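Descriptive analysis of the structure
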Amino acid sequence: MATSGRRAGLLRFGAALAPLSLLAACGGGGGDPADYPEDNIEIIVPFAAGGPTDTVTRLITEPMAEELGVELVVQNVEGAGGTVAAGQVAEAEADGYTVLMHHIGMSTAPTLYPDLDFAPEEDFKTVGLVTEVPMTVIARKDFEPTTLEELAAYVEENADTVTLANAGIGSASHLCGVLMQQAMGVEVQEVPYDGTGPAMEDLVGGQVDFLCDQTTNTSQQISEGTVKAYAVTTPEPVESLPDLPTAAEAGLPDLEVTVWHGLYVPAETPDEIVEKLTSALQTALQDQGVIDQMADLGTAPVAQDQATPDAHSELLSAEIDKWSEVLSGIQAE
Amino acid sequence: MDLLSNLGLGLSTALQWQNVLFCLIGVALGTAVGVLPGIGPTATVAMLLPITFSFDDPTAALIMLAGIYYGAQYGGSTTAILINLPGESSSAVTAIDGHEMARAGRAGPALAAAAIGSFIAGTFATLVLAVAAPALANVALGFGSAEFFSLVVLGLIMSITLAAGSPLKAVAMIVLGVLLATVGQDQFTGTPRFTFGERELYDGLNFVSVAVGVFGVAEILRNLHDPERREKIVEKVTNLWPSREDFRRIAGPIARGTGVGSVLGVLPGGGHVLASYASYAVEKKVSNNPRSFGRGAIEGVAGPESANNAAAQTSFIPLLTLGIPAHPVMALMIGAFIIQGIVPGPAVMEREPELVWGLIASMWVGNLLLVLLNLPLIGLWVRMLTVPYAVLFPSIVVFASIGTYALDQNPFHVLAIAFFGLVGFVLVRCGCEPAPLLLGFVLGPLLEQHLRRALLLSHGDPMTFLTRPVSASLLALAALALIVVALPAVRRKREEVFVEEE
């Protein structure tokens, strides 16, 4: 067991050192789309290694690699809410060897960064959705309200004193917080943190009142009872959190948001290549290991008909419209 | 007796031959990548993380990762000492005296002091982790932004009073560092600051670019500028092992560094960043011979290295007990846990005792392996200094550039190295030290972030810093430190000291 692990480990070690060798594992190009893939594929993750998006990516790369018969090398290109990575992929060679993983941030970027040097809908082809991570509304353990309705009433009454944490401007938890305030019809003091970790630490420590964040970040604290949970933000209840009502059931129908993830390639990529990637993605999403591990994170792979370019494009376009309305007035400039 | 049986369980897991092997591989890999100039522990762990994803046994995977982390940390200290190239903020402190020792032909004792200090600190901090993890985690949770702001204020004031050379220039450098740190998107409003419309600057300047520039490249430029400066090193490489006198001198710093590091490591919001700076400040304060600091004092290597390693160890406490990552490396570890199908949190200790205690015990084993691996290698590392300059300097620059580029594939950070190399060279020519600049650069964001967040949480009431007891005590200490410097008698003594130095 240990030996086979190690052998595979050493193989991946080579992959991990690819950036060091400066021989980027990809970018060969020029080949016939019918022969794709002949070389390792680089998957660009716009956020830090070890974060939720990175974890989701790494979960699906292994079965995808098996399906495609080449290595998928994950590269973390951080910066400016994921726009640095997206900008880089938009300009990459359209040969299918550079793939972008991005989440809901792709649809908020045009609003949050008005001087963006790429257009999410024009500069990319969608490959398919991967997962829609639910979000949860949680509070410090000793916060007074016990249901989402009570929370809305309490927040309205105490709008001057309550504090709402988020994981940084433009983060999913920030988006959810903005939507939640609109749904509740109040404005409260927002307190941005440098990522979910510090925000959660202050919430568990009782320094800040409440927070909306992805199940990937909150499930564990909820099940341990170190925070109080009110609702999930999905239309359907979440299997791994059976005690939590949906926001709609709990009286806030407008609070519907998921952190959807999808794969993108540069716009000029041949359809034949996109099809191969889509089919590998669909296979990966049916992998039992992927399903189990996503369940541990409080999420699930999307249905097969969602892991398609069309479903992905449709959602992207709808979300761009939605967020440009919700976020008008809180641009980065 | 719970503790003994827990530690017993941990040791029996960690000492299984395959786990020892994975730990050793991790330490060796971590050291090998960590010694590349400009690559610190975070970058090393991020780069090597995927190796462990394919392991079937989560314990082995996590043990190997912990090994990589310690190895990388020590590797970073090695480059800091030998070629003045710190890869992470903690080893910037090591570079101050460590590299001066190397230049005086004492690279061997500096490396040995770092390794021995790290091991002792690691041993102690492992015990702290085993005995007091849950209790400490709860204390740390009470440490909010107000407390952290006051702690950083205290740290900055201490560092001003204790700077080598001209205090005025040190203040100027700290302020410059703080200002450089404000470049980028404002975390609280998203407004870009000093970015000149460049998207590359939205996330601010990269620590590695600044550190490699002002320390490493500036050092190379100095050596090129002044041939005599570089001739000296090679002739003097003599003793590899610390003398009896050295051992006597590092005992105290290691003990104090371990204490300082263990406490600061537990704190959320960046406590580990402060550990090595705090230890350096403490050592300089208690030293009978503070003038030797900055000129190759072995205490200035042993203390901070111990503090750094102790903090690295105790920063696992919030991760293991609360499932909350305290810094980037811990966030990576969480990713590794999750990939292995384990969600870290309070229940992990009960549900997977073998894993948690095995990990804790393997930290100690890892530290031991690190010493065993590195002490014999000291001779090899030191010989690196005898490589001809025509080969050494270009290789350093090339490796530093590759390392910085590998961080996030952004060529901008490589250009920034060149820019900060020139800045560093000019500063050194003007008699300004790069260390306070880096201190300001590292602590500036913490200072601003916690000040603003504390005020947001208190709805704009600045009394929050005085009504919270811990925060008030820290501020009182800071005020005291200022008064001590301002006292005329003290000032006269300081001036004498500096006159002697010039």
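Conventions adopted
Residues numbered from 1 in each chain as written. Chains lettered and ligands numbered in written order. Predicted model: local features only at pLDDT ≥ 70, side-chain atom pairs only at ≥ 80, totals over all residues. Buried ≥ 20, exposed ≤ 12 C-beta atoms within 10 Å, placed from the backbone. Helix = DSSP H or I, 4+ residues; strand = E, 2+ residues; numbered from the N terminus. Contact = placed C-beta atoms within 7 Å. pLDDT = per-residue confidence, 0-100. Core = buried A, V, L, I, M, F, W, Y, C linked by C-beta atoms within 7 Å. Domains from an automatic or database assignment. Pairing = 2+ DSSP bridges.

Further remarks concern helix H9 (residues 215-224) of chain A. All names here are of chain A. Extensive coverage of H9 is indicated by the burial of eight of its 10 residues. For H9, the set of buried residues is Thr215, Thr216, Asn217, Thr218, Ser219, Gln220, Gln221 and Ile222. Tucked into the core, H9 has its buried residues touching helix H3 (52-68), strand S4 (124-140), helix H8 (196-204), strand S7 (210-214) and strand S8 (227-232). Positive backbone phi, at 75°, marks Gly225, one or two positions downstream of H9.

Turning our eyes to something else, we now look at the confidence of the model for chain B. All names here are of chain B. Within chain B, residue pLDDT values average 79, and 86% of them lie at 70 or more. Helix H22 (residues 464-467) holds the highest mean pLDDT among the elements of chain B, 90, whereas helix H24 (residues 488-501) holds the lowest, 52. In the predicted assembly, ipTM is 0.72 and pTM is 0.75.

All right, on to unusual backbone geometry then. Looking along the chain, the bond that leaves A:Tyr36 and enters A:Pro37 is cis, with omega of -5°. Inspection of the secondary structure puts A:Pro37 in the loop between helix H2 (18-21) and strand S1 (41-45). If you check the backbone angles, B:His459 has positive phi at about 55° while not being a glycine. Along the chain, B:His459 falls in the loop between helix H21 (434-457) and H22. Among the residues examined, B:His459 registers 12 C-beta atoms within 10 Å and is labelled exposed.

Turning next to the nonpolar core. Taken as a class, soluble globular proteins show a tendency for nonpolar side chains to be buried jointly. A:Leu281, B:Val45, B:Leu65, B:Ala110 and B:Leu438 are the most contacted members of the largest nonpolar core, which totals 260 residues. Take this core: its biggest share by element is 20 residues, from helix H6 (residues 107-141) of chain B. Domain assignment of the residues forming this core places at least three in each of domain 1 (2-132 + 259-326) and domain 2 (134-232) of chain A.

Attention now moves to the environment of B:Leu156. Residues and elements named next belong to chain B. Within the secondary structure, Leu156 sits in helix H7 (residues 145-161). The spacing of Leu156 and Ser166 is 10 residues in sequence and 16 Å in space, taken between C-alpha atoms. Not counting residues within four places of it along the chain, the set of residues in contact with Leu156 comprises Ile174 and Leu443.

The next thing to look at is the pairing of S1(A). Residues and elements named next belong to chain A. Buried residues dominate S1, accounting for five of its five residues. Burial along S1 is two-sided: the face carrying Ile41, Ile43 and Val45 and the face carrying Glu42 and Ile44 are both buried. In terms of strand pairing, S1 meets strand S2 (residues 72-76) through five bridges, oriented parallel. Each residue of the ladder has a partner; that of Ile44, found in S2, is Gln75. Both S1 and strand S3 (residues 98-102) contribute to a ladder of three bridges, which runs parallel. Bridge pairing links Glu42 to Thr98 in S3.

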